[in-house]
Amino acid sequence: MRFRIKKNNDGSAYAIVVFGVMDDAAGCDILQVAQTMLNRPLCTELMIDFRSALIREDFSVFNTDTLTSVFEEVLLKKDSVLIIRYHNDLEIRFSSDQLPLQPLSAMTRKRLDEAKFFSKVMRWLDQEARFMIN
C-alpha cells in the first residue's frame, strides 16, 4: 500500500490518494494519518480516495462505526468534512455542518431552594434514563 497527500493552495482541503493492496493493517495506518491531518487547525475538508486501490474481501476497517468513533471528536470541535471515495463513485461523507459551539459559563446564580429543586429533578431524570436502558 502506498499513498500520496495532496493539498490546495490555502491548506484547507487535503486529499489522501491510496494505491496498491489494502488490508486491515494498512487501513489502520491510513486512519491515523487522516485523523492527524483533520486535526490540523486549517484543515476543513479531507478526502480519502480508494479508487486506485485494490481492496480485499476481508477489509473491515472503514465501516461507519469505526469511522464515527475515530473522527467524531474532530468533527465536533470544528466545522469540517470527511469524504471517503470508493470504486464506482461510491462515497461516505461525514460532515459536522456546524460552527464550533461557544463555551457557556460554568456557574450561574440561583437561589438555594431552586438549586435543590433542580438537583432532585436531575437525579430523577438520571434514574429514569438508567431504567430505560435496562
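Residues numbered from 1 in each chain as written. Predicted model: local features only at pLDDT ≥ 70, side-chain atom pairs only at ≥ 80, totals over all residues. Heavy atoms only, no water.

Section: a nonpolar patch on the surface
Item 1. Taken together, the side chains of Met 1, Phe 3 and Ile 5 make up a nonpolar region of the molecular surface, amounting to roughly 250 Å² of accessible area.
Item 2. Considering the arrangement of structural elements, one finds Ile 5 in strand S1 (residues 2-7). (Patch = residues over 30% accessible without salt bridge, like charges linked within 9 Å, V, L, I, M, F, W, Y side chains within 5 Å. Areas by Shrake-Rupley, 256 points an atom, 1.4 Å probe, with all protein chains shown as cover. Salt bridge = Lys/Arg side-chain N within 4 Å of Asp/Glu carboxyl O. Helix = DSSP H or I, 4+ residues; strand = E, 2+ residues; numbered from the N terminus.)

Here's the deal with the pattern of salt bridges
Item 1. Here the structure, examined in full by the defined rule, presents four salt bridges.
Item 2. We note a salt bridge from Arg 51 to Asp 89, for which the minimum N-O separation is 3.6 Å. Residue Arg 51 is found in the loop between strand S3 (45-49) and strand S4 (53-55), and its partner Asp 89 is found in the loop between strand S5 (81-85) and strand S6 (91-95); the two are separated by 38 residues along the sequence.
Item 3. Where Glu 91 meets Arg 85, a salt bridge forms, and the shortest distance between an N and an O atom there is 3.1 Å.
Item 4. Owing to a relative accessible area of 37%, Glu 91 belongs among the partly exposed residues under this scheme.
Item 5. In the salt-bridge network here, residues are joined through shared partners; they are Asp 49, Arg 51 and Asp 89. (Buried < 20%, exposed > 50% of the residue type's maximum accessible area, 1.4 Å probe, protein only.)

Re the pairing of S6
Item 1. Pairing of S5 with S6, which is carried by five bridges, proceeds in the antiparallel orientation. Paired with Val 81 across the bridge in S6 is Ser 95.
Item 2. If you look at the hairpin formed by S5 and S6, you'll find five residues sitting between the two strands, and Asn 88 has a positive phi there, around 60 degrees. (Pairing = 2+ DSSP bridges.)

Focus: the confidence of the model for the chain
Any region with low pLDDT has predicted coordinates that should not be read closely.
Item 1. Looking at the chain, the pLDDT average stands at 81 and 81% of residues meet or exceed 70.
Item 2. Across the chain, S3 holds the top mean pLDDT of 92, while helix H3 (residues 112-133) sits lowest at 67. (pLDDT = per-residue confidence, 0-100.)

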